[in-house]
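Summary of the model geometry
So you can see what is in the structure, the chains are spelled out below.
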Amino acid sequence: MSKMKGGTYIAEALVREKIPYVFGVCGHGTVGLIDCLYEVQDEVKMISPRHEQTAVHMADGFFRVSHRPAATLTSTGPGSCNQIMGLAVAQTDSSAILAITANVPTQQFNRAPFQELNMHGQADFSQVIRPVVKRSFQPVRVEQLPLMIRQATATMTTGRPAPVNLDIPYNLFQEEADLSPEPPGSAFGKRRPGASPEDVATAVDWLLASKRPVIFVGHGMALSEGGTELTALVHKLRIPVISSPNGMGTLDMEDPLSLGFIGRNGAYPANQAGRHADLVLAIGARFDDRSASSWKPGYSWNFPHSRLIHVDLDHAELTRNYTPDLAILADAKTFVRQLLQELEARSFVPDDNRLAAWHADIARWRQEWEAYVGPNFELHQSPIRPERIVTDCQKVLPEDVIISFDAGIHHNWFMQFWKARRPQSMLNSWGYSGMGFGPSSILGAKLAAPDRVCVSVCGDGGFTMVPHVLCTAVEYNIPVVWIVWNNFAWAAIRDLQYGYFDGREYGTAFYQGPNGAPYNPDFAAWARAAGVTGYTVTRSEDFAGVLAEAISLNRPVLIDVHVDANIRPPSTGTWELPPLTPKEPAFGSAWRPD
């Protein structure tokens, strides 16, 4: 036990917890801790973006790629409030982040000092942040720091990962106490609960008896790093795989057994397989409205007609939207290993002709889908067709590329047609769908994987929310590429207006002047002003070459791509916005068993 400042203990605890980055924006409430971080800068690097939201998104992207948590640091009041949206994205997409917020000093609690929230309780910021974190801890004495830091890091990395908050009155950073270090609390991937032998045996019985099985994998498969085991299982049993966006790449999507995404903006073969399956094995997937066609029977799934085995690490997900025939609380990777072990114990012999009739159906659906969408991927026109952006990215970018997306129409196109080749390579703002995530998180992704190409495909609306990412990339020499999908509109919402409100448009596109000319800033010039290489592409013939050049430069680059806003991804499921009547699929139709 030795006497030390609270800030010194926090800095040394970050080293022990192997947290390599603190993403934060300085303030009067944090200077006492920043001075202590100065002493450990060789082991814990502080990155200071120009907005706290981006700080959280960077930590989120870092975790999604590396599965190592990072920390954020924000000052009292507005600085800490600015991170709420970023934390909501991280929480709903299961990313572990240690969010350190400074609060007013304990000596001034409930005296309404500068930036205190105190209407319902003194230093009450924890009530603001609580809905978007797994737990908020608020030590009020230096002596409480060791235990609370260990508990916080354990909480964020065990079970379902999520952000946690340490809300620390800033006097604790410089006050001293006799402290002894606690052992590290971080334990990501170290506690892997499995299924009971009886449930494993039942699952294998059902899988072997099924004539039309599918496996639906979500983010839980990526978080468990179970891609190798998943690939072995599906090849052994010849079962096709449907992926949620955050599960994409856990099975190489060029694999013949990969069907892609499901739901309104899913691939037609995936929705057809979901509709016609007699057994669905869902592993680490949530069945949210966008991957279940708003739970409308026959559009993506047909429960309870289809038998459902649902495996998840989170009890709450097992009966949230569908009641499984077999609910299993288990880690995804551990469960798949158990299935493989059970098959080996039964001396199961793989058969390439297994499920031949089912695979014939799927092959027919693939051919129908390809005949419908394929020709559009070869067309050149101006403004550029969205399909050209997707297909040229697929051709130019390396197989191990890390690509991030914002919310918007560009994301719908990539969900439907992008083929992720690796796990943890497709970063989506899925659960909370926050704009600004894509352009910001790619910076954290590049820090996690400096030897891999990192590209953000982001909408024009989303990029203009966080243009300061350009400054951070230059300041810290983070060589990423932003592809700004410039269609002069909040196009995804504009399309909803067109579809549901008699073609009227109001407040959903960008115009200038009395003639209503489409307007956006010159994104390439904006980039160059910040020290980033900028290109503008208006001809589809030019995009692939510009993208290849951007990757070769190995420096921050922005490509402003003018995309046709009037070409929409073909829906193959549905999505309901109550009380409006949901639209029918543009291709295919709902199917219900007799």
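On inspection of all chains with the given rule, the structure shows 25 salt bridges. The shortest N-O distance in the salt bridge between R192 and D331 comes to 3.1 Å. With R192 in the loop between β8 (176-179) and α8 (197-209) and D331 in the loop between β14 (326-329) and α13 (332-345), this pair connects stretches of sequence that are 139 residues apart. Here D392 and R388 are joined by a salt bridge, their closest N and O atoms 2.9 Å apart. A residue pair is termed a helical-turn pair when its members lie 3 or 4 positions apart in one helix, as D392 and R388 do in helix α15 (residues 386-396) at four residues.

Before going further, it helps to spend a moment on the packing of α15 against helix α22 (residues 540-553). A pair of packed helices can be characterised by two numbers: the angle between their axes and the separation between those axes. One way to put it is that α15 packs onto α22 with a least axis distance of 10 Å and a crossing angle of 35 degrees. Crossing of α15 against α22: the hand is right-handed. Of the residues in α22, those in contact with R388, I389, D392, C393 and V396 of α15 are S540, F543, A544, L547 and A548. Each residue belonging to the contact of α15 with α22 can be placed in one class, and the counts come to seven nonpolar, one polar and two charged.

What follows covers the environment of I551. Among the secondary structure elements, I551 is positioned in helix α22. By relative accessible area, which is 24% here, I551 ends up partly exposed. Spatially, the C-alpha atoms of I551 and S382 are 24 Å apart, while their sequence positions differ by 169 residues. Here I551 is in contact with L397, V453, V455 and V481, once residues within four sequence places are set aside.

Moving on to the pairing of strand β15 (residues 402-405). Because side chains alternate across β15, one face comprises the buried residues I402 and S404, and the other comprises I403 and F405, equally buried. Note: β15 against strand β16 (residues 426-427), two bridges, orientation parallel. Paired with S404 across the bridge in β16 is L427. Crossover handedness for the path β15 to helix α16 (residues 409-417) to β16: right-handed.

With respect to the helices and strands, T250 occurs in the loop between β10 (241-243) and β11 (258-260). For T250, a relative accessible area of 3% translates into the label buried. Reaching out from T250, the side chain makes a polar contact with the backbone oxygen of G247 at a distance of 2.7 Å. In this structure, T250 is in contact with V217, M221, A222, G227, L230, T231 and P423, ignoring residues within four places of it in sequence.

Here we take up the pairing of strand β22 (residues 557-562). Taken across its six residues, β22 has five buried, putting it largely inside the fold. When strand β18 (residues 481-486) meets β22, the two strands line up parallel, connected through six bridges. Within β22, the position partnered with V481 by the bridge is V557. As paired strands, strand β21 (residues 533-537) and β22 are joined by five bridges and run parallel to one another. Bridge pairing in β22 links T533 to V557.

About the cut-offs
Residues numbered from 1 in each chain as written. Predicted model: local features only at pLDDT ≥ 70, side-chain atom pairs only at ≥ 80, totals over all residues. Heavy atoms only, no water. Salt bridge = Lys/Arg side-chain N within 4 Å of Asp/Glu carboxyl O. Helix = DSSP H or I, 4+ residues; strand = E, 2+ residues; numbered from the N terminus. Axes fitted to C-alpha atoms, helices over the stretch in contact; angles between N-to-C directions. Left-handed = near helix turned anticlockwise from the far one by under 90°. Contact = heavy atoms within 4.5 Å. Nonpolar A, V, L, I, M, F, W, Y, C, P; charged D, E, K, R; others polar. Buried < 20%, exposed > 50% of the residue type's maximum accessible area, 1.4 Å probe, protein only. Pairing = 2+ DSSP bridges. Right-handed = clockwise from strand over helix to strand, strands pointing away. Polar contact = N/O pair within 3.5 Å; in protein donor to acceptor, adjacent residues only side chain to side chain.

Without other data, these values stay purely geometric and don't point to any function.
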